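Listed below, chain by chain, are the residues.
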Amino acid sequence: MAETKEMLKELKGGSSDVVIVGKAKLTEESFSGDMLSEKNKANPWAYRRLRFAIETEDKNTVYVQTGGGFHKKNPVVYTQDVDRNAVQIPWDKRKLNDVVETINPFQLFRGGLQKDGDKTKVESFVSGWDLYEYLEENLEQDMWITARGNVEYQEYQGEINYSIDIRSIYLYDGKKVKDEDGNETIVKEGFTKLTQTVLLNEDSYKRITKADKEAGQVVVNAFVPQYVSKKDGKPFKKTVPMATSIFVPINKEKPEQTEAILEKMFKVKKNVLRELTLECEIVEGFESSEPTNKDIELSKEVQELIAMGLYTEDEAKSTASVRGNKIKKFVFKRPNLRKDKDTGAIILPMYDDKYELMALSAHIEDEDEEEGNAVEEHDIDVSGNEDNDDWMSAIGV
């Protein structure tokens, strides 16, 4: 008789890896300096934070941050060694090569914005403080970069928000594309790729409604597993579920295909908690309303400007676009497929038997426990952002 697998009652960590390719957009406020100690000399912490935007395409600009610091009375860096043991590195020894080589590669910060001939020079840092200094010296306005990091979720006054914390930044050289004559050109196209583990229950998705069809998308209600070290200023050290939304675009030409995807991956039976890892696009910007050309009338004065060659008709009509509400959302692209370690087959890692349903609320019942689960690290493929439908065949859609 097969052995019954015991289901977990508490959440484990998952993927929240992000890759962003685009042009760096800096402002005078991007580099904060040693903000805490300068503003308040009595503050025991010294910390530096860099906040800037990455423009991936027209009307999509994603905001990211990085940085680090230390406690003045106990200047150490808390990190992990190559065996994933927790270690404390003395602040004055953090830059030593012998020390850097002992650190778990997933815990290092990296900068690769300089060239040595055709090769990119990469520098590794134990603390985000030093990546801040590196970027202050090397990051330039409109520089094409690849940024990698994690999405971190926070709850404040009942609302859940996220930040994108960057651990490494490299030059982006673009990709070579051949035309019909075999000539190569370098093409630079920005994109975002979020690999996010989500948790789904019976309320996540029911069916496509009339409102969904009109909006052209279905909103799936999900949870993400987020490790929380402190709560209300006290040690907490647990992985908790935080609510988020996944936006699934409806294929207008093949709406039945979208419905099949939703039924396969997002519709969950009663009393079941499903774990699934998705690949999403991060969209940040503003909603816009653009009337069709036939709905726009041009005044006599504007028509005269067009006749003078000061505007084209399309340029004049483009001013009719109206900017709406600010948006931040994760748009579903496809599931994250993986290779089975035993068989080598490509599988959809979708699990209905990993967690008991109570895992969604276990942290509420026992908030005094101080043992938690560290978030697992995943090495992610960022070789490209090509869209294809191979994954649909793999999951039987």
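Rules used throughout
Residues numbered from 1 in each chain as written. Predicted model: local features only at pLDDT ≥ 70, side-chain atom pairs only at ≥ 80, totals over all residues. Heavy atoms only, no water. Phe/Tyr/Trp six-rings, centres within 6.5 Å; stacked < 30°, edge-to-face > 60°. Helix = DSSP H or I, 4+ residues; strand = E, 2+ residues; numbered from the N terminus. Buried < 20%, exposed > 50% of the residue type's maximum accessible area, 1.4 Å probe, protein only. Lys NZ or Arg CZ within 6 Å of the ring centre and 35° of its normal. Patch = residues over 30% accessible without salt bridge, like charges linked within 9 Å, V, L, I, M, F, W, Y side chains within 5 Å. Areas by Shrake-Rupley, 256 points an atom, 1.4 Å probe, with all protein chains shown as cover. Salt bridge = Lys/Arg side-chain N within 4 Å of Asp/Glu carboxyl O. Pairing = 2+ DSSP bridges. pLDDT = per-residue confidence, 0-100. Contact = heavy atoms within 4.5 Å.

### A few points about the packing of aromatic side chains
In total, this model carries 8 aromatic pairs according to the counting rule given. Ring centres 4.4 Å apart and planes at 40 degrees place the aromatic pair F70 and W91 in the tilted group. Highlighted residues: F70 in strand β4 (residues 60-71) and W91 in the loop between β6 (86-90) and α2 (97-100), separated in sequence by 21 residues. Note on F266 and F332: the rings are 5.6 Å apart at their centroids and 85 degrees apart in plane angle, and the pair reads as edge-to-face. Taken together, the residues span a long stretch of sequence, with F266 in helix α5 (residues 255-266) and F332 in strand β17 (residues 322-335) at a distance of 66 residues. With respect to burial, F266 and F332 carry one shared label: buried. Three or more aromatic residues joined by ring pairs make a cluster, and in this case those are F70, W91 and W129. Across from the ring centre of Y162, 4.3 Å away, lies the NZ or CZ of K328, which sits over that ring.

### Some words on a nonpolar patch on the surface
Together, M308, L310 and Y311 make up a nonpolar patch on the protein surface, roughly 350 Å² of accessible area in all. For Y311, the location among the structural elements is in the loop between α6 (300-307) and α7 (313-318). Residue classification places Y311 among the partly exposed residues on the basis of a relative accessible area of 41%.

### Notes on the pairing of β4
The pairing of strand β3 (residues 45-57) with β4 spans 12 bridges and is classified as antiparallel. Within β4, the position partnered with L50 by the bridge is T66. From the end of β3 to the start of β4, which pair antiparallel, there are 2 residues, and K59 there has a positive phi angle of about 70 degrees.

### Some remarks on the pairing of β3
On a regular strand, one side chain projects to one face of the sheet and the next to the other, so that they alternate. In this structure, strand β1 (residues 16-25) lies alongside β3, joined through 3 bridges in antiparallel fashion. Among the inter-strand pairings, A24 is bridged to a residue of β3, identified as I54.

### So, the confidence of the model for the chain
On average, residues of the chain carry a pLDDT of 85, and 82% of them reach 70 or more. Of all helices and strands in the chain, the one with the weakest mean pLDDT is helix α1 (residues 35-39) (53), whereas strand β13 (residues 191-200) scores best (97). Note that residues 367-383 has pLDDT below 50 and, in this model, 39 contacts with residues that lie over four places away or in other chains.

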